[in-house]
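Each chain is listed here by its residues.
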Amino acid sequence: MKAIVMLRGKLGAHAFDLPKPKVSQPDEVLVRVKEAGVDGTDYNMIKHNLQDIAEGRNEIVMGHEMVGVVEDVGRDVTSVAPSDTVVITVRRGCGICEPCLHNQSDMCMTGLYTERGIQKKDGFFTEFVVDQEQYVIKVPPDLAHVAVFTEPLSIAEKGIAQLRTIQSRFPWTCEHPEHDFLSPDWGGCKIALVLGAGPLGIMAAALLRLAEVYTFVADIVSDDSPKVHLVEQMGANYVDARGKKSNEIVDLCCGSSGRLDIIFEASGAAATAVELVNYMSRSSIYIMTGIPQEELLIQVDAAQFVRQIVSYNQVLVGSVNSNRSHFEAAIEDMPAIKSRFGGLLEEMITNRFKLEEYEQIFYSVDKNHIKTVIELEPW
Ligand SMILES: [Zn+2]
Ligand SMILES: [Zn+2]
């Protein structure tokens, strides 16, 4: 079967032939990949030649976002059956630390985990994959066409879950008890700024808008960009950050209240991300999910930085990867995203390729590009 791989010691992406995998254990599931998503991690792997190939191998199959259909299951598998639409999680725990031993490999404490398509384990830019039932999650048939977004949405779900858990440290942010961070209506009377209108920023904004958070999304594209259309489709406000200083971006969001409850960083623009800390509100939270590459030195007033975080009770929290529970939350929220924001998810797909077009996939990104999907087999 065909695959897109990185080859040890070689630059770029390559076509590769692998034997079709089979179910060989009672808890295994064989899945035919229908669609696979390409994201920033994949582009960075190619651009910066980030190779993490298993010992004894010369290649790693790329790709960590997918949706597929079950072809075969081992005799102990009960949660999925042949012809079910499914998605597969990415990270496999280290097998040592307690979070990994308790289904929270996204919080691994040793760093010895592996990840499908990224670290040591083969990914999803291929025709068939086998995995254990515990990593395979059934998707309702009516979500099949957008389920390739489950993984990126799960990353946003984890970030939002972190912010709600941490901010539940003070239930009274306004006079409405129902706006407590742990209640279903938690988003009322709250303002958020999302940095970056790429797939993750859009997903985060979608979840914030579902919760009725008054949301701003900042990026560096002009008003006629499809990104701006998506932002407005969710009832969020677009902030054109081109040529603006961090304080000017924040001023546009806070308005008269002077409050900014949540900052969600999904751009990886490191300088802006750090500068924005200076403009956080009292008792607010800053979720960082973008991962910058390369080195970037800026000047920071360290005393002011520390003084402000302490005296304003501020929280800076990093959030990476996601576990099965976040995938399940993503699948649960998808119908609401579909019904509230129309064709948001479908419209995010700006580029479609076949597996054979591997040479173009990683080099066809312009400023209006949002999401590339590789179509392996028609639905
Ligand atoms: Zn671990
Ligand atoms: Zn309120």
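Our subject is the structure that appears above.
Colleague: Got a sec to walk through the overall build of the protein chain? Specific residues and values, please.
Modeller: Of the regular secondary structure elements, the protein chain holds eleven helices and 19 strands. The C-alpha radius of gyration computed for the protein chain amounts to 21 Å, which stays within 12% of the reference 21 Å derived for 379 residues, consistent with globular compactness. Principal-axis analysis of the C-alpha atoms gives the protein chain an extent of 60 × 40 × 40 Å. Evaluated residue by residue, the protein chain yields a buried proportion of 53% over its 379 residues. Long-range contacts, defined as pairs at least 24 residues apart, comprise 68% of the intrachain contacts of the protein chain with a sequence gap of at least 6. Accessible surface for the protein chain amounts to roughly 17,000 Å². Of this, 51% is attributable to carbon and sulfur atoms. If the 35 positive side-chain charges of the protein chain are averaged to one point and the 53 negative ones to another, these points end up 2 Å apart.

Colleague: Mind laying out helix α1 (residues 40-47), listing which residues take part and the relevant values?
Modeller: Within the sequence span of α1, burial applies to Asp42, Tyr43, Asn44, Met45 and Ile46. The inward-facing, buried residues of α1 contact β1 (2-7), β3 (28-38), α11 (358-361) and β19 (371-375). Where α1 starts, the residue carrying a side-chain oxygen 2.9 Å from the main-chain nitrogen of threonine 41 turns out to be aspartate 39. Asparagine 49 occupies a position one or two residues after α1 and carries a positive phi of about 50 degrees.

Colleague: Break down helix α9 (residues 324-341) for me, citing the residues and quoting the values.
Modeller: Since one α-helical turn is 3.6 residues long, residues separated by three or four positions face the same way. The end-to-end C-alpha separation of α9 is 25 Å, in line with the 26 Å expected for 18 residues at 1.5 Å each. The largest bend in α9 is about 35 degrees, located at aspartate 333, with the proline proline 335 one to four residues further on. Listing the buried residues of α9 in full gives His326, Phe327, Ala330, Ile331, Met334, Ile337 and Phe341. Buried residues belonging to α9 abut β6 (85-88), β11 (136-138), α3 (150-167), α4 (199-210), α5 (226-233) and α10 (344-348). Just past α9, the residue glycine 342 takes up positive phi, approximately 55 degrees.

Colleague: Can you lay out the packing of aromatic side chains for me, pointing to particular residues and giving the numbers?
Modeller: Overall, the coordinates contain three aromatic pairs when judged by the stated rule. Summarising the aromatic geometry, the rings of tyrosine 43 and phenylalanine 362 are spaced 6.1 Å apart at their centres and angled 75 degrees between planes, so their arrangement reads as edge-to-face. One end of the pair, tyrosine 43, is in helix α1; the other, phenylalanine 362, is in the loop between α11 and β19, with 319 residues separating them in the sequence. One exposure class covers both tyrosine 43 and phenylalanine 362, and it is buried. Measuring from centroid to centroid gives 5.5 Å for tyrosine 214 and phenylalanine 216, while their planes differ by 75 degrees, and the two rings are edge-to-face. When its relative accessible area of 8% is taken as the criterion, phenylalanine 216 is described as buried.

Colleague: Let's hear about the coordination of the zinc ion (ligand 1): which residues, and what values?
Modeller: Around the zinc ion (ligand 1), the donor atoms from the protein are Cys94 (SG), Cys97 (SG), Cys100 (SG) and Cys108 (SG), and they sit 2.3 Å away. Taken together, the four donor atoms surrounding the zinc ion (ligand 1) define angles of 100 to 119 degrees at the centre, an arrangement classified as tetrahedral. Considered as a linear motif, the donors of the zinc ion (ligand 1) on their single chain read C-x2-C-x2-C-x7-C.

Colleague: Quick one: what's the story with the coordination of the zinc ion (ligand 2), residue by residue and with numbers?
Modeller: Coordination sphere of the zinc ion (ligand 2), protein contribution only: Cys174 (SG), His176 (ND1), His179 (ND1) and Cys189 (SG), at 2.0 to 2.4 Å. One can describe the donor arrangement at the zinc ion (ligand 2) as tetrahedral, given that its four donor atoms subtend angles of 98 to 122 degrees at the metal. Sequence spacing among the residues donating to the zinc ion (ligand 2) works out to C-x1-H-x2-H-x9-C. With relative accessibility at 24%, the residue histidine 176 sits in the partly exposed group.

Colleague: Account for the packing of α4 against α9, naming residues and giving values.
Modeller: Contact pair α4 / α9: the axes reach a minimum separation of 11 Å and the direction vectors enclose 85 degrees. The angle between the axes of α4 and α9 places the two elements in the roughly perpendicular class. Here Ala206, Leu207, Arg209 and Leu210 of α4 lie close against α9, whose contacting residues are Asp333, Ala336, Ile337, Arg340 and Phe341. A per-class count over the contact of α4 with α9 returns six nonpolar, no polar and three charged.

Conventions we followed
As a convention, each chain's residues are numbered from 1 in the sequence order in which they are written. Starting at A for chains and at 1 for ligands, labels are handed out in the order in which the entities are written. Local features in a predicted model are, by the rule used here, given only for residues with pLDDT of at least 70; side-chain atom pairs are given and counted only at 80 or more, and totals for whole chains, interfaces and linings are based on all residues. Heavy atoms from the whole structure form the basis of all side-chain values; hydrogens and water molecules are not counted. Helix and strand labels come from DSSP, where a helix needs a run of H or I of at least four residues and a strand needs a run of E of at least two; each type is numbered from the N terminus. The globule rule is 2.2 Å times the number of residues to the power 0.38, and the radius of gyration it is compared with is taken over C-alpha atoms. Here's how the labels work: a residue is buried when its accessible area is under 20% of the maximum for its type, exposed when over 50%, partly exposed in between, all with a 1.4 Å probe on protein chains only. Residue contacts are defined here by distance: any two heavy atoms, one from each residue, within 4.5 Å place the two residues in contact. Every accessible area reported is derived by Shrake-Rupley at a probe size of 1.4 Å, with residue values counting cover from the shown protein chains alone. When charges are counted, neither His nor the chain ends are considered; positive counts come from Lys and Arg and negative counts from Asp and Glu. Charged side chains are reduced to one point each, which is NZ for Lys, CZ for Arg, CG for Asp and CD for Glu. A 3.5 Å cut-off defines polar contacts: any pair of N or O atoms within that distance qualifies, except that in protein one atom must be a possible hydrogen donor and the other a possible acceptor, and neighbouring residues in sequence count only when both atoms are side-chain atoms. Any helix carries an expected span of 1.5 Å times its number of residues minus one. Two axes enter the bend calculation: one fitted to the seven residues ending at the residue in question, the other to the seven starting there, and the bend is the angle between them. Here a pair means two rings of Phe, Tyr or Trp (six-membered ring of Trp) with centres within 6.5 Å. Their orientation is stacked below 30 degrees between planes, edge-to-face above 60, and tilted elsewhere. The donor set comprises N, O and S atoms within 2.8 Å of the metal, extended to 3.2 Å for Na, K and Ca; water molecules are omitted, so apparent gaps in a site may simply reflect that omission. Square planar and octahedral assignments, for four and six donors respectively, both demand that opposite donors be over 155 degrees apart and that all other angles lie between 65 and 115; tetrahedral needs four donors with all angles between 85 and 135 degrees, and anything else is irregular. In this analysis an axis means a line fitted to C-alpha atoms, helices contributing only their contacting stretch, and an angle means the value between N-to-C directions, from 0 to 180 degrees. Working rule for angles: under 35 degrees goes down as roughly parallel, over 145 as roughly antiparallel, 65 to 115 as roughly perpendicular, anything else as oblique. For this classification, Asp, Glu, Lys and Arg are treated as charged, while Ala, Val, Leu, Ile, Met, Phe, Trp, Tyr, Cys and Pro are nonpolar and the rest, including Gly, are polar.

Note that all results are geometric; they support no functional claim without further evidence.
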